[in-house]
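Chain by chain, the residues:
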Amino acid sequence: MRRRWPRTLPLYIGGFLGPFGGGVVAVLVPQLRDAFDASTATVAASIPAYLVPFAVLQLVSGTVGERLGRRRVVRTGYLLYTGFSVLAGLAPGIGLFLVSRALQGAANAFLTPLLLAGLADEVSARQIGRAVGTFAAVQTAAVALSPLCGGVLGAIDWRLAFFVPALVAAGLALLPPADARPRDELPRLRAVMTRRVGLLSGAAFAGYAGVTGVVFLVALRAADEFGLASVERGVLLAGFGIAGMLLGRAAGDAVDRYGRVPIVLAGAAACAVLVAALGIAPTAAALGALWFATGLGSALIWAGINTLAVEAVPGNRAGGTSVVSAFKFAGNAAAPIMWLPLYHADPRLGFLGAAVMAGLTGAFVAPLRMAR
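As the structure is a prediction and not an experimental result, all values here were calculated from the model. (Residues numbered from 1 in each chain as written. Predicted model: local features only at pLDDT ≥ 70, side-chain atom pairs only at ≥ 80, totals over all residues. Heavy atoms only, no water.)

*Asks:* Help me understand helix H16 (residues 347-365), please; the structure alone is not making it clear to me.
*Replies:* Since there are 3.6 residues in each turn of an α-helix, residues three or four apart along the chain are aligned in direction. An ideal rise of 1.5 Å per residue puts 27 Å on 19 residues; H16 measures up with 29 Å between its terminal C-alpha atoms. Of the surrounding secondary structure, the elements contacted by the buried residues of H16 are helix H10 (195-210), helix H11 (215-224), helix H13 (260-278), helix H14 (284-312) and helix H15 (317-345). (Helix = DSSP H or I, 4+ residues; strand = E, 2+ residues; numbered from the N terminus. Expected span 1.5 Å × (residues − 1). Contact = heavy atoms within 4.5 Å.)

*Asks:* Help me out: how do you make sense of unusual backbone geometry in this one?
*Replies:* Leaving glycine out, the prevailing phi sign among residues is negative, and the prevailing peptide bond configuration is trans. Although it is not a glycine, Asp37 sits at a positive phi angle of roughly 50 degrees. Here Asp37 is to be found in the loop between helix H2 (29-36) and helix H3 (40-44). Its relative accessible area of 72% is what places Asp37 among the exposed residues. (Buried < 20%, exposed > 50% of the residue type's maximum accessible area, 1.4 Å probe, protein only.)

*Asks:* Help me understand the packing of H10 against H14 in this model?
*Replies:* Interhelical geometry of H10 versus H14 gives an angle of 155 degrees and a closest axis separation of 10 Å. On the basis of the axis angle, H10 is roughly antiparallel to H14. Considering how the two elements wind past one another, H10 and H14 form a crossing that is left-handed. Across the interface between the two elements, Arg196, Val197, Leu200, Ala203, Ala204, Gly207 and Tyr208 from H10 touch Trp302, Ile305, Leu308, Ala309 and Ala312 from H14. (Axes fitted to C-alpha atoms, helices over the stretch in contact; angles between N-to-C directions. Parallel < 35°, antiparallel > 145°, perpendicular 65-115°, else oblique. Left-handed = near helix turned anticlockwise from the far one by under 90°.)

*Asks:* For this particular structure, what's the right way to read the packing of helix H7 (residues 112-122) against H15?
*Replies:* The packing of two helices is summarised by the inter-axis angle and the distance between the axes. Where H7 contacts H15, the axes come no closer than 8 Å and their chain directions differ by 130 degrees. In terms of orientation, H7 and H15 fall into the oblique class. In the crossing of H7 with H15, the sense of the turn from one axis to the other is right-handed. Each of Thr112, Pro113, Leu114, Leu116, Ala117, Ala120 and Asp121 in H7 lies in contact with H15, whose residues at this interface are Arg317, Ala318, Thr321, Ser322 and Ser325. The class makeup of the residues in the contact of H7 with H15 is six nonpolar, four polar and two charged. (Nonpolar A, V, L, I, M, F, W, Y, C, P; charged D, E, K, R; others polar.)

*Asks:* Got a minute to help me understand the pattern of salt bridges in this structure?
*Replies:* Pairing is possible between side chains of opposite charge, provided their charged atoms come close. Counted by the stated rule, this structure contains eight salt bridges. Taking the shortest distance from any N to any O, the salt bridge between Glu66 and Arg70 comes out at 3.1 Å. The residues Glu66 and Arg70 share a single accessibility class, namely buried. Two residues, Asp346 and Arg348, come together in a salt bridge whose shortest N-O distance is 2.9 Å. Several salt bridges share partner residues, and in doing so they unite Glu66, Arg70, Asp121 and Arg317 into one network. (Salt bridge = Lys/Arg side-chain N within 4 Å of Asp/Glu carboxyl O.)

Structure (structure tokens):
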């Protein structure tokens, strides 16, 4: 396993870039608003501007990458991501900044699923759960830690939040994943249009919309109910990602040992209870502890779902993975639209609605228990 680290470590780092790029702007809104002399709503639009093409293009990006070759597509994706990140940091106005954000998301759509498929090919079948669980934890950590990292970089200069990832992407372009093993025929998009991929896509949407995507609700409650300042909120929110990093490898081991579906069901059940409890936490400390525990449950969910995804379409591994990933980040983008109106009506309702969605993650995966 140690001999594989030189090949697998760049894949984990690349997996961090996608969700990090989507979430890093959230904490920089005040600086960007002043830099571009734009409204809060206009600057905030840069978040969906990144996430929408990132999610939509993943419906086809995995299959495109498998057909053209993973190494070529990933290397090109990294170089484009580098250029568009630099463009975002140098943008003189909000218009070009929003365009560069959309192009960033589009470039990264051709990275994440191919990196995960490449990782699955690098490890043995008995260790695939561990590897994929670690990858899922890295992505969860990116979502949770991006506000904290963005805040630190933004305190120096907001442009660093784009220049530093650009530098990382440029380095990773030198270390693309290996191409898939030769096949008798080219992978086809039709191969991913199966009931299995459909169920996993529904589970991925529900998991991000009902668990990972409620980070903004936790931030709102920490500020509105307990009066936490921005740095304190960042530390509290980081607990989710830290929990995912701590449990990721162990969650993957559990997937290998106990099975994919049972681990997802356990994680979904735990998260449904914990997310509902976030709405009634009596203190900031309790809120932070519950959010940390939710991160542990989330690690179980994604270790199982991502392993199921890379195994769902053997002849088009990246294609199946990319479709499931598209719905995952669509759920992340939809979460504010779904839960914010409920939260404004009653904070408990926002968390309760998300908890129901978290429970649906298990409902989508449960039919796969008896299927190979």
